[in-house]
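Breakdown of the fold
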Amino acid sequence: MNEKQLRAELDAVYASTSWKITAPLRYITRKIISVKNAKFSLRGLIRRTIRYLASIPGIKNMALKVLQYFPAIERRIRKGLQPRSAPLVVSASTPTQTVVKSLNDSRLSTKAQIIFNKLQTDIIRQE
């Protein structure tokens, strides 16, 4: 197909009744996706900003003094500043004895850590 034929076919799709009827659905879907992405990005931006400010000693000390009056907010901020926990590496030296070690790879996302832990559990069950 050449470019003119493709353009004519695309114009026919845009002019079709089904394309017009599904327009609101496509619009709502785009808005939901953009809100989800914005929320995720905003959360990451806030976390990075707090970590940056916490790395400056003067600002950190002042913030700690202020946060003493708001313990719930302090707990949430401290939780957000903690590095993500590393998944567990399980190795079986013998079938009856299991040794659990911590994996020192903080590059894994939370979902990847969960998958990794499930794989380790399945490996132990097979032995």
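The present account deals with the structure reproduced in this document. (Residues numbered from 1 in each chain as written. Predicted model: local features only at pLDDT ≥ 70, side-chain atom pairs only at ≥ 80, totals over all residues. Heavy atoms only, no water.)

The next point concerns the overall build of the protein. When its secondary structure is counted, the protein shows 6 helices and 2 strands. A total of 127 residues make up the protein; the buried ones form 6% of that total. Taking the contacts inside the protein whose residues are at least 6 apart along the sequence as the reference set, 43% of them involve residues at least 24 apart. (Helix = DSSP H or I, 4+ residues; strand = E, 2+ residues; numbered from the N terminus. Buried < 20%, exposed > 50% of the residue type's maximum accessible area, 1.4 Å probe, protein only. Contact = heavy atoms within 4.5 Å.)

To continue, consider the pattern of salt bridges. All told, the structure shown has 1 salt bridge when counted by the stated rule. D11 is paired through a salt bridge with R7; the nearest N and O atoms lie 4.0 Å apart. Taken as a pair, D11 and R7 lie in helix 1 (residues 3–15) at a separation of 4 residues, close to a single helical turn. D11 sits in the partly exposed class, given a relative accessible area of 41%. Taking the relative accessible area as the measure of exposure, R7 reaches 48% and is therefore partly exposed. (Salt bridge = Lys/Arg side-chain N within 4 Å of Asp/Glu carboxyl O.)

On to the packing of aromatic side chains. Overall, the coordinates contain 1 aromatic pair when judged by the stated rule. An angle of 55° between the planes, with centres 5.1 Å apart, marks the rings of Y14 and W19 as tilted. Its relative accessible area of 41% is what places Y14 among the partly exposed residues. The lysine or arginine in question, R26, covers the ring of W19, its NZ or CZ lying 3.6 Å from the ring centre. (Phe/Tyr/Trp six-rings, centres within 6.5 Å; stacked < 30°, edge-to-face > 60°. Lys NZ or Arg CZ within 6 Å of the ring centre and 35° of its normal.)

This part takes up a nonpolar patch on the surface. A contiguous nonpolar surface patch, about 580 Å² in accessible area, is contributed by M62, V66, Y69, F70 and I73. The topology assignment puts F70 in the loop between helix 4 (57–67) and helix 5 (71–81). Since its relative accessible area comes to 44%, F70 is described here as partly exposed. (Patch = residues over 30% accessible without salt bridge, like charges linked within 9 Å, V, L, I, M, F, W, Y side chains within 5 Å. Areas by Shrake-Rupley, 256 points an atom, 1.4 Å probe, with all protein chains shown as cover.)

Tracing the sequence through the fold places E74 in helix 5. Beyond its immediate sequence surroundings of up to four residues, E74 is in contact with L64, L67 and Q68.

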